Amino acid sequence: SRSMNDGAIGIQRIWRGYYAKINYGYDLMDIITVQSVGRRCIAQIHVNGMSRNMNRASAEIQRAWRGYHAKINFGCDLMGIILVQSMCRRFISRIRVAHMLKTMGNASTEIQRMWRGYNAKQSYGLDRRSIISIQSMCRRFLAKKAVARHYALRKIQSTVRMWMAERLYFNLRRCICMIQGLIRRFLALIHVRTLKFRIAQSPPDDRDPSEVEEERYRKIATGDESSKPFFEIEPISMGIVSVDNRSDTPGTQSLPGLH
């Protein structure tokens, strides 16, 4: 019974495989038929569209054919021209070779001469190129050396000029400070002597000096006393002239010892 069961299972397996193959074949034929019908419809639509533009298509075909024909004719004509040129050059070369053989008599001498000339030209070109390369390298080295030397000279010049400018600046500054000190000292001396002279010329006053100064500042503030300079320097004698606005001082008098 077990062998019968195995046989039945094998028969069923074979039958199912055969049935599946038959179904697959039918399905494939159906699919192919549907695709054929669809492609036929698409082709029919495309043909109908082409029939609408038949004139344009025919003109395009004619243009393509004429272009192809023109290219073929051009190629044939070009090949014919090249062939004719080749034949003419061959004929001219044969005439020249025959003339060379007749005039020179020895072709080997001419070939050697041409080869030696060619070899000499090649050697000259190589030697010339090598010489130019060496000259270029030498000139580059000399140019770099000159540029470095020029840069060093410019650096030295800039350093020296900066040092000279700084030295000149410090010298001028020291001289200006000295001149300013002398002028300020001279003006202070003149101011002190002028004050001493005015104090000597003023009448004696028993009041306190601080009260006198306060009264004087108050007059200056109220405008009773004009704010004139303490002294004037004469342009010729460089003397010091006292200026006093009081009515009891007769004019101006020069300070003694400052002429």
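The subject of this paragraph is the overall build of the protein chain. If you tally the helices and strands in the protein chain, you get four helices and two strands. What you see in the protein chain, going N to C, is helices and strands ordered as α-α-α-α-β-β. Taken across its 259 residues, the protein chain has 5% of its residues classed as buried. Within the protein chain, counting contacts between residues at least 6 apart in sequence, those at least 24 apart form 39% of the total. Within the structure as shown, the protein chain displays about 23500 Å² of accessible surface, and the carbon and sulfur contribution to it stands at 63%.

Attention now moves to the packing of aromatic side chains. Applying the stated rule across the entire model yields five aromatic pairs. Pairing Trp15 with Tyr18 gives two aromatic rings, centres 5.9 Å apart and planes at 40°, and the pair type is tilted. In this pair, Trp15 and Tyr18 both sit in helix 1 (residues 2-52), three residues apart, roughly one turn of the helix. An aromatic cluster is present here, built from Trp15, Tyr18 and Tyr19 joined pairwise through their rings.

Before going further, it helps to examine the state of the cysteines. Applying the stated criterion across every chain yields a total of zero disulfides. Between Cys175, a cysteine without a disulfide, and Cys177, which holds the nearest cysteine sulfur, the sulfur-to-sulfur distance is 9.3 Å. In this structure Cys175 comes out as partly exposed when scored by relative accessible area, which is 40%.

A few words on the side chain of Thr194. Along the chain, Thr194 falls in helix 3 (residues 107-201). Of the residues examined, Thr194 reaches a relative accessible area of 0% and is grouped as buried. For Thr194, the side chain forms a polar contact with the main-chain oxygen of Ile190, separated by 2.6 Å.

Together, Ile156, Val160, Trp163 and Met164 give the surface a local cluster of nonpolar side chains, amounting to about 420 Å² of exposed area. Structurally, the position occupied by Trp163 is in helix 3.

Our next topic: the confidence of the model for the protein chain. On average, residues of the protein chain carry a pLDDT of 76, and 73% of them reach 70 or more. By mean pLDDT, strand 2 (residues 240-242) is the weakest element of the protein chain at 38, and helix 3 is the strongest at 87. Segment residues 225-259 is flagged for pLDDT under 50; beyond a separation of four residues in sequence, or across chains, it makes 59 contacts in the model.

What counts and what doesn't
Residues numbered from 1 in each chain as written. Predicted model: local features only at pLDDT ≥ 70, side-chain atom pairs only at ≥ 80, totals over all residues. Heavy atoms only, no water. Helix = DSSP H or I, 4+ residues; strand = E, 2+ residues; numbered from the N terminus. Buried < 20%, exposed > 50% of the residue type's maximum accessible area, 1.4 Å probe, protein only. Contact = heavy atoms within 4.5 Å. Areas by Shrake-Rupley, 256 points an atom, 1.4 Å probe, with all protein chains shown as cover. Phe/Tyr/Trp six-rings, centres within 6.5 Å; stacked < 30°, edge-to-face > 60°. Disulfide = S-S within 2.5 Å. Polar contact = N/O pair within 3.5 Å; in protein donor to acceptor, adjacent residues only side chain to side chain. Patch = residues over 30% accessible without salt bridge, like charges linked within 9 Å, V, L, I, M, F, W, Y side chains within 5 Å. Salt bridge = Lys/Arg side-chain N within 4 Å of Asp/Glu carboxyl O. pLDDT = per-residue confidence, 0-100.

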